[in-house]
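# Breakdown of the fold
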Amino acid sequence: MDDPELQFLAVAGEAGERRIALRVLPPEKPGGAVVLWLIGLKSDMVSTKAEALAGWCHDKGYGLTRFDYSGHGQSSGCFEEATTSDWLEEADAVFCQKTDAAPVVLVGSSTGAHIALVLLQRLRAKDPEAAARVLGLVLIAPAWDVTELIWNNLSPAAQQEILQTGRHDQPSEYGEPYRISKKFIEDGRKNLLRDAPFDPGCPVLALQGLLDKSVPPAHTRALSSVLKGDWLEITEVSDAEHRLSRPEDLDKIYALIERVIATGESTS
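Now for a look at the structure at hand.

So, about the nonpolar core. Counting 86 residues, the largest nonpolar core has L53, F67, F95, L106, L137, L139 and I257 as the members making the most contacts within it. The dominant element in this core, judged by the number of residues it contributes, is helix α3 (residues 111–126), at eight residues. In this structure, L106 is in contact with L36, F95, A116, L119, L120, V134, G136, L137 and V138, ignoring residues within four places of it in sequence.

Below is the structure:
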């Protein structure tokens, strides 16, 4: 499969203009479904899951739009200065400008699941016509309300360090530590689902590993407290950890996407 050409999209907002890197694989058929991939924290659009998803979408004839948040991958900006508000602006711009008015499945991994949920919430509030293009969400180890999840998992000493110095370098089992800023935590509190439950109006299918230490299974189950209606379904994998990138995990992700698309086609 030829890799789609790297593109850049200028996104302006409170943080100034950012140059957002993205790749767009159009659907095989005009009007076909498009998967919008939303990356996890400190990941990028060419991660193991993203590349596997690109091959699967190509083989199935689905479109795939993927991008790097500011401060990630090939996009501009510094991770330590970025916030979830910035990433929401960028996801909104990519959805509106780069999915060609197609039916869309939002697929969010970890932090990307939070971005997917709040993006849908905002679209339903400000642009119902655009929100109607969302067939459903597939959430992988969903770190909804991610900044509070991070904050609550920090030690009291780390929390105090952030309050006093404005930052803390949090060790990560996936590589070098990542810096958590006071700005990141405080901004995140403007985008909390717990403070504004909503009806997604479409299927929300989550995949959760029961051995996940980054996003505990109880956190994913608690998503039912902020989603109105009977839309949420959680598939739990007994032997899976956070990444959910094994072949058998990828097959489960593909199956959830196919279910969302099939449901959308049956109701259109």
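End to end, α3 covers 23 Å across 16 residues, agreeing with the expected 22 Å (1.5 Å per residue, within 8%). In terms of burial, α3 is a largely internal element, 12 of the 16 residues being buried. Residues of α3 that are buried include every one of T111, G112, A113, H114, I115, A116, L117, V118, L119, L120, Q121 and L123, and no others.

This paragraph deals with the pattern of salt bridges. Taken as a whole and judged by the stated rule, the model has 16 salt bridges. We note a salt bridge from R18 to E90, for which the minimum N-O separation is 2.9 Å. Linking R18 in strand β2 (residues 18–25) with E90 in helix α2 (residues 84–98), this pair joins segments that are 72 residues apart in sequence. With respect to burial, R18 and E90 carry one shared label: buried.

This part covers the pairing of strand β4 (residues 63–67). Buried residues dominate β4, accounting for five of its five residues. What you see with β4 is no split at all: G63, T65 and F67 on one side and L64 and R66 on the other are buried throughout. Sheet analysis places β2 next to β4, joined by four bridges and oriented antiparallel. Bridge assignment links L25 to a residue of β4, and that residue is L64. Pairing between strand β3 (residues 34–38) and β4: four bridges, direction parallel. Across the sheet, V34 pairs through a bridge with G63, a residue of β4.

Glancing now at the state of the cysteines. Per the stated rule, a full pass over the model turns up zero disulfides. With no disulfide of its own, C57 lies 18 Å from the sulfur of C202, the closest cysteine sulfur. Looking at C57, the relative accessible area reads 0%, which means it is buried.

What follows covers helix α5 (residues 146–153). Within α5, six of the eight residues are buried, which leaves the element mostly enclosed by the surrounding structure. What α5 keeps buried is the set V146, T147, E148, L149, I150 and W151.

A positive phi angle, close to 55 degrees, is found at A101, a residue other than glycine. Counting through the fold element by element, A101 comes out in the loop between α2 and β5 (104–109). Located in the positive-phi region is L244, a residue other than glycine, with phi close to 50 degrees.

Turning to the packing of α2 against α3, a few remarks are in order. Packed helices, taken two at a time, are described by the angle their axes make and the gap between the axes. The N-to-C vectors of α2 and α3 enclose an angle of 65 degrees; their axes lie 10 Å apart at closest approach. The handedness of the crossing between α2 and α3 is right-handed. Judged by residue contacts, T84, W87, L88, A91, D92 and F95 of α2 engage T111, I115, V118, L119, R122, L123 and K126 from α3. When grouped by side-chain class, the residues that make up the contact of α2 with α3 number eight nonpolar, two polar and three charged.

Take the side chain of E148 next. Its place among the elements puts E148 in helix α5. When neighbours within four sequence positions are excluded, E148 is seen to be in contact with I185, R189, L192 and R194.

Attention shifts here to the packing of aromatic side chains. Think of a pair of aromatic rings as described by two things: how far the centres are apart, and how the planes are tilted against each other in angle. Counted under the stated rule, the structure contains six aromatic pairs. Summarising the aromatic geometry, the rings of W56 and Y254 are spaced 4.7 Å apart at their centres and angled 5 degrees between planes, so their arrangement reads as stacked. With W56 in helix α1 (residues 48–60) and Y254 in helix α9 (residues 247–267), the pair connects residues that are 198 residues apart, well separated along the chain. Judged by relative accessible area, which is 11%, W56 ranks as buried. Y254 sits in the buried class, given a relative accessible area of 13%. With centroids separated by 5.9 Å and ring planes inclined at 55 degrees, the aromatic side chains of W87 and F184 adopt a geometry described as tilted. One end of the pair, W87, is in helix α2; the other, F184, is in helix α7 (residues 182–188), with 97 residues separating them in the sequence. Using a relative accessible area of 0% as the deciding quantity, one classes W87 as buried. Among the aromatic side chains, those forming a connected cluster through ring pairs are F67, Y69, F79, W87 and F184. A cation over an aromatic ring shows up here: R133 above the ring of F95, its NZ or CZ 4.3 Å from the ring centre. Lying across the ring of W151, R189 places its NZ or CZ 5.4 Å from the centre.

Thresholds applied
- Residues numbered from 1 in each chain as written.
- Predicted model: local features only at pLDDT ≥ 70, side-chain atom pairs only at ≥ 80, totals over all residues.
- Heavy atoms only, no water.
- Core = buried A, V, L, I, M, F, W, Y, C linked by side-chain atoms within 4.5 Å.
- Buried < 20%, exposed > 50% of the residue type's maximum accessible area, 1.4 Å probe, protein only.
- Helix = DSSP H or I, 4+ residues; strand = E, 2+ residues; numbered from the N terminus.
- Contact = heavy atoms within 4.5 Å.
- Expected span 1.5 Å × (residues − 1).
- Salt bridge = Lys/Arg side-chain N within 4 Å of Asp/Glu carboxyl O.
- Pairing = 2+ DSSP bridges.
- Disulfide = S-S within 2.5 Å.
- Axes fitted to C-alpha atoms, helices over the stretch in contact; angles between N-to-C directions.
- Left-handed = near helix turned anticlockwise from the far one by under 90°.
- Nonpolar A, V, L, I, M, F, W, Y, C, P; charged D, E, K, R; others polar.
- Phe/Tyr/Trp six-rings, centres within 6.5 Å; stacked < 30°, edge-to-face > 60°.
- Lys NZ or Arg CZ within 6 Å of the ring centre and 35° of its normal.

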